Amino acid sequence: MELGIIVERLQNKLVLNDQKLEDIDCKRKELTKSSQEVQEKISALCGEVQARVGAAGEALKGKTVVEFTKLEKELSSTREEVRSDSLVLCSELEKITESVGRGDEEKFDLDECWGRVKEIISRCQFDESTRKMPSFYHSKTLAKVKTSDLGYLSVAEFLPDQFQLVLTSPVSGLMVASDMNKVICSVTTSQQFTEMIQANIKFSIKNKACKETVPYCKEECKLSEDRKSFQICFLVQRPGVYMLTVLLYDQHVNDSPLVLRVASKEEMVKEEKNTTPEDEEQSTTQLVTPGVSRQPEPEKDCLVLVSPTITKTTTTSPTTQSMSSQPPPSAVPLRRPVPLTSAVSAPSKPTPTNPISIPPPASLLPPGPLNLSHISPGGKLSGLRMLSIEEGTMPDSLHKPIGMCLLQNGNIVVASTFEDKVKMFTPTGKFLTLVSSSESPFMRPSDMVTLQSGQFVVRDNNRVQVFSHTGTYLRT
């Protein structure tokens, strides 16, 4: 390597180091200013609610000081490293200058000089842009004053409202306490569970009926490969009301806490005894949120799923036994049918009709439009199963639904229109998953249809999207 090249690289590195030192000093000033601004915000908020939140404010300011002090130490350490490197480079540059001044360029040991500065020159530059500046967000409520009620210090990339807690797999529609029964929930996000998020998120499981620790399945509590969901699995060994809480920066994520009601075996036996023979003959499956009972209601219209068609009929809601002393709110059935590739018949009359013999199809839905030519004029389609889904915003409920479609594998996809979500259920009405787009969230999803290929289409206020039979986004 030539001497001129080494000199040029040394000079370039010194210029870069000088610039970096200036940037670090500016960043330190900005860090001090930001720290003061955050503490001023906290102080102002504490002043508004006076002495009740004073202690919480001091605690939060202390946490702020810790985080900013940590960054200050990192910046100071980096500055010292850069300064030391500059001293070494200056020393070598002086040696080269003296050698050139004496005319001893040929005697100068280039290899030895390069060995001393090679590591410094090739060292990666300090990049402050990758650092997350801690910022303060105040809480909306101060019912019980704690540090987390006053606000939280965001030290990671994302916020609590970007995460959602959902019930993925209940043991059954009405869960029964057992040593083997498991409940699987998921914390999902459109972002990612980064290392900083994982370090600041925590969950707890409690049974209000007893103070014993609820056992969770450690081997099944895991992060998905795409780092967009975290699975939580625990056992429901005792009856009672289970509460699952997920916190990020000590703040609840969306739909946390999640409440589940679990019945005892004795209560389940009583529930089965109350089942009428008519329900057994019609193979009626009633979808109920765990632990939520239904009171007798007057006749009303419900959706009746027919394999492979859908019919609308008048029926009476079955009566189930309440799981608590105070009757919970009754489940609201899905009332708005949407035409699919299957046929919709007129409401059936209470007069008995002869069942229609339909050859069993190769699949739950034919590959093309339904052929109803075998039905005589005035004939009716017989309902085989009734699914009633509760009104609400829980994962296994629906909020003012409009559209739905029946997939070829028997699964049911429903647009929870005023919740801006699309949900997939099993043929028995058990919640499977949320259907989500890779782009922006749904905006009032409504019309839905099953395609001949087995895919299905969802239309909302913004666009028309195509999904696979598993709910995976394909195209717009």
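Everything in this summary refers to the structure shown in the same document. (Residues numbered from 1 in each chain as written. Predicted model: local features only at pLDDT ≥ 70, side-chain atom pairs only at ≥ 80, totals over all residues. Heavy atoms only, no water.)

Peptide bonds are, in most cases, trans, and in most cases residues other than glycine have a negative phi. Residue Pro257 is reached from Ser256 by a cis peptide bond, and omega for that bond is 5°. Its location among the elements puts Pro257 in the loop between β8 (251-252) and β9 (258-262). The phi torsion at Asp250 lies on the positive side, around 65°, for a residue other than glycine. Relative accessible area serves as the criterion here: at 36%, Asp250 is assigned to the partly exposed category. The residue Arg444 is not glycine, and still its phi comes out positive at about 55°. Residue position: Arg444 is located in the loop between β17 (431-435) and β18 (448-450). (Helix = DSSP H or I, 4+ residues; strand = E, 2+ residues; numbered from the N terminus. Buried < 20%, exposed > 50% of the residue type's maximum accessible area, 1.4 Å probe, protein only.)

What follows is about the pattern of salt bridges. In the structure shown here, the tally under the stated rule is 16 salt bridges. Taking the shortest distance from any N to any O, the salt bridge between Asp25 and Arg79 comes out at 3.1 Å. A residue pair is termed long-range when its members are at least 10 positions apart, and Asp25 in helix α1 (residues 3-49) and Arg79 in helix α2 (residues 54-102) qualify at 54 residues. For Asp25, a relative accessible area of 28% translates into the label partly exposed. Owing to a relative accessible area of 26%, Arg79 belongs among the partly exposed residues under this scheme. For Lys421, the salt bridge identified is with Glu419, shortest N-O distance 3.7 Å. Across the pair, exposure class does not vary: Lys421 and Glu419 are buried alike. (Salt bridge = Lys/Arg side-chain N within 4 Å of Asp/Glu carboxyl O.)

Counting residues in hydrophobic clusters, the biggest one holds 29 residues, and the most contacted among them are Phe163, Leu165, Cys185, Ile197, Phe234 and Leu244. Going through the elements one at a time, β2 (151-154), β3 (163-169), β4 (182-189), β6 (229-235), β7 (240-248) and β9 are the ones with two or more residues in this core. Counting residues per element, this core draws most heavily on β7, at four residues. If near-sequence neighbours (up to four positions away) are discounted, Phe163 is found in contact with Phe158, Val187, Thr188, Thr189, Gln192, Phe193, Ile197, Leu248, Val253 and Asn254. Of all hydrophobic cores here, the second largest spans 14 residues; its members include Leu10, Leu89, Leu93 and Cys113. (Core = buried A, V, L, I, M, F, W, Y, C linked by side-chain atoms within 4.5 Å. Contact = heavy atoms within 4.5 Å.)

The quantities given are spatial measurements derived from coordinates; they are silent on function.
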